[in-house]
Amino acid sequence: MWKKGAVDGIPRWTRVLMLVTLFGLVWVAQPGESRAQFEVGSLHPPEYFGEGRIVSGAPAVRYNRVEGLFFGARITARPVPISGLSFPVCAGYGFHNKRWRYSLGVHQGLFRGEQLTLGAVFFDETASNDGWRLRQVENSLAALLLKEDFMDYFGRTGWQIFLDERLEGRHTARVVYASYRYQDMGADEGLAGALFGGKKQFRANPHIVEGHEQSLRLIIELDWRDSSLLPFEGTLVQAIYEKTWQDFTSDGLFVTVTHFRPTFAEQRFVVRAMVGARARSLAPQHLLALGGVGSLRGFRQNSQTGQNLVLLNAAYYFGGDILRVFSPGRRGGHDRVSLGLFCDAGSAWAVERVKKSLFSELDGYHVLADAGVSVLVGDGVGRVDFAKQVHGGDGSWRITLRLLSAL
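Residues numbered from 1 in each chain as written. Predicted model: local features only at pLDDT ≥ 70, side-chain atom pairs only at ≥ 80, totals over all residues. Heavy atoms only, no water.

### Overview of the side chain of Glu67
One can find Glu67 in the loop between β1 (55-64) and β2 (68-77). The buried category is assigned to Glu67, whose relative accessible area is 1%. At 2.8 Å, the side chain of Glu67 and the side chain of Thr126 are in polar contact. Sequence-distant contacts of Glu67, that is, excluding residues within four places in its chain, are made with Arg62, Gly94, Phe95, His96, Asn97, Arg101 and Thr126. (Helix = DSSP H or I, 4+ residues; strand = E, 2+ residues; numbered from the N terminus. Buried < 20%, exposed > 50% of the residue type's maximum accessible area, 1.4 Å probe, protein only. Polar contact = N/O pair within 3.5 Å; in protein donor to acceptor, adjacent residues only side chain to side chain. Contact = heavy atoms within 4.5 Å.)

Quick look at the structure:
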């Protein structure tokens, strides 16, 4: 029903709240937290007030189809008498599904520069396996503005302990033991609010299998990049082994290698290879998915799912040099807008026998591939990709928008 003062069926006060959320997202602009599969995550998210002081923190704002507007805060308290001790707390409320979420932690840094950190966390969280595809702020803006949500969600309630070692200030070795219960959020869907998008509906949030799980994760991250935000040169290697038991027994291996290489002038080449395998479990929350933003950009979201995944992304960015060739008389502007070429290829597939895994029954016929052209703004701060399916699809085109993303 249309209401007085409504636009596109959405009350005016709701749109005002959405605009406030939009400005909050642009200000907060933080990466998603670590959850599972390919995502490593950081123990030290950005802080926007009181950095390094007794109390510091930042707003916690996101927007998606299951929670609607989620609003809260991240606070870290550091008692002065005990060096290296901190208490990170994050809490907030989802206005659509009417749920409080929180995490309560204690971290103890050891040695100079807190190279070694011991910690424990109690949590009741909205989790997703899709944080490796795109940052949380990108997904929130897409949901808020365009009614597009590229992540799938489930709940987790439990606790974890970890040991984290920082090597040379940039590399990471981490061991995490966790015990938690999965919560199905497949019914928390159908959020109607968005600033644009008209009558378009969000896709359904998939159901998962509820139950208890214990897990042990071994994480290695080797980072030789010149910048963690918009790298121009270097290599990033991430490897995660995960073993789970109790209601869900599985073994998972997830490896990502990303290389950035400058070529001529401001031009650069970026390539990413990903391999993942999950043996002995077909639970939806354990499956790997390909297709859409951050993976195969020429295909719809989650075009393929299975226990195994291989993905190769490659891009060449001209850094404004191509535009200088076609408009040599113009001054400026070439560094603000530039072009790139890209291609993606990969497959996610299941196996007939659950205990079989890595590369078992991979069929080249089911490999999906796309290629296209990118328009970059601000040398990659913003990017528009025009992708065409070249193998495994019907040859259609898709357009995607990215923020602060190398691929």
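What follows continues from the structure just given.
### Here we look at the nonpolar core
Among the nonpolar cores identified, the biggest contains 15 residues, and Phe38, Trp132, Met274, Leu290, Leu296, Leu309 and Leu311 are the most heavily contacted of them. Contributing elements (two or more residues each) for this core: β12 (288-290) and β14 (308-317). Counting residues in each nonpolar core, the second largest holds 13 residues, with Phe154, Phe162, Ala178 and Ile208 among its members. (Core = buried A, V, L, I, M, F, W, Y, C linked by side-chain atoms within 4.5 Å.)

### Structural notes on the confidence of the model for the chain
Per-residue confidence for the chain averages 83 on the pLDDT scale, and 78% of its residues sit at or above 70. pLDDT under 50 marks residues 1-9. Its contacts with residues more than four places away, or in other chains, come to 9 contacts. (pLDDT = per-residue confidence, 0-100.)

### Focus: the environment of Ala314
Structurally, the position occupied by Ala314 is in strand β14. Taking the relative accessible area as the measure of exposure, Ala314 reaches 14% and is therefore buried. Measuring from C-alpha to C-alpha, the distance between Ala314 and Phe342 comes to 5.6 Å, with 28 residues separating the pair along the chain. If near-sequence neighbours (up to four positions away) are discounted, Ala314 is found in contact with Phe269, Val270, Val271, Leu341, Phe342 and Cys343.

### Considerations on the packing of aromatic side chains
In total, this model carries 10 aromatic pairs according to the counting rule given. Ring centres 5.2 Å apart and planes at 90 degrees place the aromatic pair Tyr93 and Phe95 in the edge-to-face group. Taking relative accessible area as the criterion, Phe95 reaches 46% and is therefore assigned partly exposed. An aromatic cluster of three or more residues is present, and its members are Phe154, Tyr180, Tyr182 and Phe248. Seen from the ring of Phe70, Arg62 lies directly overhead, with NZ or CZ sitting 3.7 Å from the centre. Cation over ring: Arg156 sits above Tyr180, and NZ or CZ is 4.4 Å from the ring centre. (Phe/Tyr/Trp six-rings, centres within 6.5 Å; stacked < 30°, edge-to-face > 60°. Lys NZ or Arg CZ within 6 Å of the ring centre and 35° of its normal.)

### Some points on the pattern of salt bridges
If you walk through the whole model with that rule in mind, you get 17 salt bridges. Arg101 is the salt-bridge partner of Asp124, the closest N and O atoms lying 2.4 Å from each other. One end of the pair, Asp124, is in strand β5 (residues 116-127); the other, Arg101, is in strand β4 (residues 99-110), with 23 residues separating them in the sequence. When its relative accessible area of 16% is taken as the criterion, Asp124 is described as buried. With a closest N to O distance of 3.3 Å, Asp130 and Arg133 form a salt bridge. Of the two residues, Asp130 and Arg133, both sit in the buried class. Members of the salt-bridge network, linked through shared partners, are Arg65, Asp149, Asp152 and Arg203. (Salt bridge = Lys/Arg side-chain N within 4 Å of Asp/Glu carboxyl O.)

### Section: helix α2 (residues 136-146)
Counting buried residues along α2, 9 of its 11 residues qualify, which places the element largely inside the surrounding structure. Those residues of α2 lying buried are Gln136, Val137, Glu138, Asn139, Ser140, Leu141, Ala142, Ala143 and Leu144. Downstream of α2 by a residue or two, Lys147 has a phi angle that is positive, lying close to 55 degrees.

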